[in-house]
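Structural characterization, general
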Amino acid sequence: MADNTDSASLSETYLQISPNILASFPKFRPPVDLYFYDPDVARTGPYLRAGERLSREGQDEVARFAEEGRLYLLRDDYRVYAEHLSRELGLLLVEEGFLPLEVAEIFFIAFRNRMDEFLNRPTEDTYEDLRTDVSILAEYIWIDPSRVDFLTHTLEREYDLSVHSVNTMFIGLALHLRQTGGQVEKAGLVSLSLGLLLHDLGMVMVPKFIRDKEQYLVRRDRESLERHIEAGLNMLRRLKVRDQVILDCVEQHHERLDGSGYPARRFDKDISAEGRLCAIADSFSAIIGDRPHRSARDMSEAVRMLAEDGRRYDSDLTALLAGIMAERIKE
Ligand SMILES: [Fe+2]
Ligand SMILES: [Fe+2]
């Protein structure tokens, strides 16, 4: 059992549970092992195992420990804790005890789960849930725009539509914040986040075996894949989403500056700012992800591939992306 008296090593081993967070736990069965600091013997010891039932008196005692700042969980249980918090994102706005990387990870888990729910059942209800969480992320970034950099430390490689969507959102937001020098509005952040997150929603209408093949498609399969744009726009229409930023992300993320993209083969100035941004965030996120037919590439290679493709991708944006990734590698 860890036995820590000084607060530095205490916070290495344990995370403090605040009254706010305790209040978000299921009352009788906390989701993580609880520990408490006993000042009489100056040590931290176990109080209750995860899932064990807490009596009514126990609840009062635990609430008191939390008030007094001596209720803890093990940092090793962080994963379980993060899963729990991902369903209570609003707490991230009021809690100060988290490291920015921990917050980024909790957001990642939250959006991955929300996207899974939405893509399985794209209704107005699941869209609203997504929107609520996006508003919390927007608020979090708006309070301190430098926080967006931490999001780019939390990208995953797994081949999965929800993972791809969250990566695209995190990269796109980091690009946007660089582009604007942090001068952003909350409403604009919400729209752009939703656009980035939902850019491929129409993919749920494409048969999985075609999505998985991607590179070796025959013409008929390619047409079917390209129809994810139209399918996505139809889904947005059914959900009554009319926000132009979201529509542009969905409609234009495969358009390329030299007119080689789809569905409308738009050129240069006919592609909106959001369309360009989403194109880069999407391509980057696709390149760094594992695919059934090839393994993931590393991030600096992905940046290089896009930067060398200045005919198709906006070079101002690829330069910003290179800057973000260079800093990320340095840290
Ligand atoms: Fe796409
Ligand atoms: Fe995509």
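Keep in mind the model is a prediction, meaning the values are calculated, not measured.

**Some remarks on the coordination of the iron ion (ligand 1)**
Looking at the iron ion (ligand 1), the protein donor atoms are Asp200 (OD), His228 (NE2), His253 (NE2) and His254 (NE2), and they sit 2.1 to 2.3 Å from it. Taken together, the four donor atoms surrounding the iron ion (ligand 1) define angles of 86 to 180 degrees at the centre, an arrangement classified as irregular. The sequence motif formed by the donor residues of the iron ion (ligand 1) is D-x27-H-x24-H-H. Between the iron ion (ligand 1) and the iron ion (ligand 2), a spacing of 3.8 Å is present, and a bridge between the two is formed by Asp200. Of the two residues, His228 is situated in helix H13 (residues 228-238) and His253 in the loop between helix H14 (244-252) and helix H15 (273-288); the sequence distance between them amounts to 25 residues. Given a relative accessible area of 0%, His228 falls into the buried group. Overall, His253 belongs to the buried group, its relative accessible area being 0%.

**Some thoughts on a nonpolar patch on the surface**
Taken together, the side chains of Leu93, Val94, Trp142 and Ile143 define a hydrophobic patch exposed on the protein surface, amounting to about 350 Å² of accessible area. For the nonpolar patch, the elements supplying multiple residues, two or more each, are helix H5 (91-94) and helix H7 (124-143). In this fold, Trp142 is placed in helix H7. Its relative accessible area of 39% is what places Trp142 among the partly exposed residues.

**As for the confidence of the model for the chain**
Of all residues in the chain, 95% attain a pLDDT of 70 or more, and the chain-wide mean is 91. Long-range and interchain partners of residues 1-5, a stretch whose pLDDT sits below 50, account for 18 contacts in this model, where long-range means more than four residues apart.

**Quick word on the domain arrangement of the chain**
You can read the domains of the chain as domain 1 (7-77) and domain 2 (91-330). On a C-alpha basis, the centres of domain 1 and domain 2 stand 38 Å from each other. With six residues of domain 1 at the contact, the number on the domain 2 side is six residues. The junction of domain 1 with domain 2 conceals about 450 Å² of combined surface from both sides, 58% of it contributed by carbon and sulfur atoms. When the area that domain 1 buries against domain 2 is broken down by residue, the three leading residues are Asn20, Ile21 and Arg75, summing to 69%. Seen at the junction of domain 1 and domain 2, the total is one salt bridge. Our enumeration of links across domain 1 and domain 2 arrives at two residue pairs in polar contact (both at pLDDT 80 or more). The biggest single contributor to the side of domain 1 that touches domain 2 is helix H2 (residues 19-24), with three residues. Within the side of domain 1 that touches domain 2, the residues separate by chemical class into two nonpolar, three polar and one charged.

**Re the packing of aromatic side chains**
Counting across every chain of the model gives ten aromatic pairs. Seen from their ring centres, Phe107 and Phe111 are 6.1 Å apart, and the 15 degrees between their planes marks the pair as stacked. Pair noted here: Phe107 and Phe111 are both in helix H6 (residues 100-120), with a separation of four residues, about one helical turn. Look at Phe111 and you get buried, because its relative accessible area is 0%. When the ring of Phe118 is compared with that of Tyr127, the centres are 6.4 Å apart and the planes differ by 55 degrees; the resulting orientation is tilted.

**Looking at the coordination of the iron ion (ligand 2)**
For the iron ion (ligand 2), the protein coordination sphere consists of His164 (NE2), His199 (NE2), Asp200 (OD) and Asp282 (OD), at 2.0 to 2.2 Å. The site at the iron ion (ligand 2) holds four donor atoms, and with the angles between them running 83 to 177 degrees, its shape is irregular. Overall, His164 belongs to the buried group, its relative accessible area being 14%. Classification of His199 by relative accessible area gives buried; the value is 0%.

**What to know about H7**
Along an α-helix, residues three or four positions apart point the same way, because every turn accommodates 3.6 residues. Taking 1.5 Å as the rise per residue, H7 with 20 residues should run 28 Å; its terminal C-alpha atoms sit 28 Å apart, in good agreement. Residues of H7 that are buried: Thr126, Tyr127, Leu130, Asp133, Val134, Ile136, Leu137, Ala138, Tyr140 and Ile141. Check the buried side of H7 and you find it contacts H5, H6, helix H8 (148-151), helix H9 (161-180), helix H10 (186-198) and H14.

**Here we look at the nonpolar core**
Judged by nonpolar contacts, the single largest core of 96 residues is most densely connected at Tyr81, Phe107 and Phe284. When residues in this core are grouped by element, the largest group, eleven residues, is from H6. There are two domains that each give this core at least three residues, and those are domain 1 (7-77) and domain 2 (91-330). Setting aside residues up to four positions removed in sequence, Phe107 forms contacts with Leu89, Leu92, Ile136, Leu137, Tyr140 and Phe170.

Conventions adopted
Residues numbered from 1 in each chain as written. Chains lettered and ligands numbered in written order. Predicted model: local features only at pLDDT ≥ 70, side-chain atom pairs only at ≥ 80, totals over all residues. Heavy atoms only, no water. Donors = N, O, S within 2.8 Å, 3.2 Å for Na, K, Ca; no water. Tetrahedral: all angles 85-135°; square planar, octahedral: opposite > 155°, others 65-115°. Helix = DSSP H or I, 4+ residues; strand = E, 2+ residues; numbered from the N terminus. Buried < 20%, exposed > 50% of the residue type's maximum accessible area, 1.4 Å probe, protein only. Patch = residues over 30% accessible without salt bridge, like charges linked within 9 Å, V, L, I, M, F, W, Y side chains within 5 Å. Areas by Shrake-Rupley, 256 points an atom, 1.4 Å probe, with all protein chains shown as cover. Salt bridge = Lys/Arg side-chain N within 4 Å of Asp/Glu carboxyl O. pLDDT = per-residue confidence, 0-100. Contact = heavy atoms within 4.5 Å. Domains from an automatic or database assignment. Buried area = accessible area lost by both parts, 1.4 Å probe. Polar contact = N/O pair within 3.5 Å; in protein donor to acceptor, adjacent residues only side chain to side chain. Nonpolar A, V, L, I, M, F, W, Y, C, P; charged D, E, K, R; others polar. Phe/Tyr/Trp six-rings, centres within 6.5 Å; stacked < 30°, edge-to-face > 60°. Expected span 1.5 Å × (residues − 1). Core = buried A, V, L, I, M, F, W, Y, C linked by side-chain atoms within 4.5 Å.

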